[in-house]
Amino acid sequence: MSTTTVSQLDKVKDGPWSGGKSPWNLEYGKIMMWFFLVSDAFTFSAFLLYYGAQKFAQPTWIDADKIFQSVPGIVEHGQPLVFVGIMTFILIMSSVTMVLAVDAGHRNQKQEVVKWMLWTILGGICFVGCQAIEWTHLHHEGFWFGRNPATGLEGDAVAQALAPYFTKEISYTAALQFSNLFFTITGFHGFHVSVGILLNIIILCMTLNNTFENRGTYLMVEKVGLYWHFVDLVWVFVFTFFYLI
């Protein structure tokens with residue numbers, strides 16, 4: 001009686017890279033989150049590209065070191081980009097705590113998930129609070145939607161009002177464009193952070209109610225984590241365009 005020999009080509013292929021299982025076998029909700037983040041990235045890209053186009057189309061532009069040189073409530077002048085640096089550090093650290101929360105979820109450690117989610121929520125609230133303080137400070141300086149410190153002034157008074165914010169020649173149009181785009185783009189990002197805080201609070205409540213324990217997976221924490229990391233990444237570009245370039 002002959003024995004049938006199965007060749008290597010005829011064997012069932014069940015390895016992750018041998019055709020038996022797709023390496024892109026992702027959960028539906030996670031794929032949808034990626035689709036949303038990619039589409040949202042296009043929106044932020046359009047805003048930032050428009051800002052860059054306006055900035056380089058103008059013969060002059062506001063100097064970031066001069067407009068962002070205060071630490072509201074502590075120092076009015078002489079500390080360029082210190083306050084926004086603190087804001088950026090807070091947001092980046094909240095991204096770190098989110099990574100730790102996701103890792104704890106993978107290990108089914110409920111108490112650790114709760115701890116790191118609390119820190120992430122606190123970081124987001126601190127960031128939005130700092131942004132509100134910065135907006136209030138700039139509003140008191142005369143910047144707002146459709147306004148700058150020279151709005152309503154005429155003649156030499158325009159140059160005097162805007163002189164503290166320019167290094168080269170002074171442009172009322174450039175100051176107005178900066179004001180509109182700054183509050184629009186940072187406000188749009190702040191809205192995303194606020195939504196992220198709300199989502200994190202919902203996830204925290206679900207964790208405390210043992211929702212994920214009963215499901216046997218903390219995948220929802222990872223999905224919200226993707227959104228939170230996206231918000232942090234976008235801030236890096238906003239920070240670069242408005243405060244560094």
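Residues numbered from 1 in each chain as written. Predicted model: local features only at pLDDT ≥ 70, side-chain atom pairs only at ≥ 80, totals over all residues. Heavy atoms only, no water.

- Named according to an unreviewed UniProt entry, the protein chain is Cytochrome c oxidase subunit III originating from Sphingobacterium deserti.
- Recorded in UniProt under Sequence similarities (unreviewed entry), the annotation for the protein chain is "Belongs to the cytochrome c oxidase subunit 3 family."
- The UniProt entry for the protein chain carries this comment under Subcellular location (unreviewed entry): "Cell membrane". (UniProt positions renumbered as here; feature names shortened; annotations may be inferred.)

1. Examining a nonpolar patch on the surface
Link 1 in the chain: Together, Phe89, Ile92, Met93, Val96 and Leu100 make up an exposed nonpolar region whose accessible area comes to about 430 Å².
Link 2 in the chain: Within the secondary structure, Leu100 is located in helix α3 (residues 82-106).
Link 3 in the chain: Taking the relative accessible area as the measure of exposure, Leu100 reaches 32% and is therefore partly exposed. (Patch = residues over 30% accessible without salt bridge, like charges linked within 9 Å, V, L, I, M, F, W, Y side chains within 5 Å. Areas by Shrake-Rupley, 256 points an atom, 1.4 Å probe, with all protein chains shown as cover. Salt bridge = Lys/Arg side-chain N within 4 Å of Asp/Glu carboxyl O. Helix = DSSP H or I, 4+ residues; strand = E, 2+ residues; numbered from the N terminus. Buried < 20%, exposed > 50% of the residue type's maximum accessible area, 1.4 Å probe, protein only.)

2. Topic: the nonpolar core
Link 1 in the chain: Formed by 61 residues in total, the largest nonpolar core has its most connected members in Phe68, Phe178, Phe182, Val221, Trp235, Phe242 and Tyr243.
Link 2 in the chain: Of all elements in the fold, only α1 (28-57), α2 (64-67), α3, α4 (110-141), α5 (156-162), α6 (172-208) and α8 (219-244) reach the threshold of two or more residues within this core.
Link 3 in the chain: For this core, the element with the most residues is α8, which contributes 13 residues.
Link 4 in the chain: With residues up to four places along the chain from it excluded, the contact list for Phe68 reads Gln79, Pro80, Leu81, Glu134, Leu138, Phe178, Phe182, Phe242 and Tyr243. (Core = buried A, V, L, I, M, F, W, Y, C linked by side-chain atoms within 4.5 Å. Contact = heavy atoms within 4.5 Å.)

3. With respect to the confidence of the model for the protein chain
Link 1 in the chain: Mean pLDDT over the protein chain: 89, with 90% of residues reaching 70 or higher.
Link 2 in the chain: Predicted confidence in the protein chain is weakest over α2, with a mean pLDDT of 88, and strongest over α6, with 96. (pLDDT = per-residue confidence, 0-100.)

4. Structural notes on α1
Link 1 in the chain: Taking 1.5 Å of rise per residue, the 30 residues of α1 would be expected to cover 44 Å, and the 44 Å separating its terminal C-alpha atoms lies within 8% of that figure.
Link 2 in the chain: Every buried residue of α1 is accounted for by Gly29, Lys30, Met33, Leu37, Asp40, Phe44, Leu48, Tyr51, Gly52, Gln54 and Lys55.
Link 3 in the chain: Here the buried face of α1 lies against α6 and α8. (Expected span 1.5 Å × (residues − 1).)

5. Focus on empty space enclosed by the protein
A water-sized probe rolled over the atoms picks out the places where empty space is left.
Link 1 in the chain: Going through the model one piece at a time under the given rule, you end up with one cavity of 30 Å³ or more.
Link 2 in the chain: Considering only enclosed or pocket space, the largest cavity measures out at about 90 Å³ in volume.
Link 3 in the chain: What lines the largest cavity is a set of 13 residues, and nearest its centre among them are Phe68, Gln69, Ser70, Phe83 and Glu134.
Link 4 in the chain: Counting residues per element, the ones that place at least two in the lining of the largest cavity are α3 and α4.
Link 5 in the chain: Split into classes, the residues belonging to the lining of the largest cavity amount to eight nonpolar, four polar and one charged. (1 Å grid on protein atoms, 1.4 Å probe; cavity = no way out; pocket = protein on both sides within 12 Å on 5 of 7 lines; lining within 4 Å. Points joined across faces, edges and corners; volume = space filled by probe spheres on them. Nonpolar A, V, L, I, M, F, W, Y, C, P; charged D, E, K, R; others polar.)

6. Focus on the pattern of salt bridges
Link 1 in the chain: Under the counting rule described, the total for this entry stands at three salt bridges.
Link 2 in the chain: Here Arg107 and Asp103 are joined by a salt bridge, their closest N and O atoms 3.1 Å apart.
Link 3 in the chain: When its relative accessible area of 39% is taken as the criterion, Arg107 is described as partly exposed.
Link 4 in the chain: Residue classification places Asp103 among the partly exposed positions, given a relative accessible area of 35%.
Link 5 in the chain: The shortest N-O distance in the salt bridge between Glu112 and Arg107 comes to 2.9 Å.
Link 6 in the chain: With a relative accessible area of 28%, Glu112 lands in the partly exposed category.
Link 7 in the chain: Among the charged side chains, a salt-bridge network with shared partners connects Asp103, Arg107 and Glu112.

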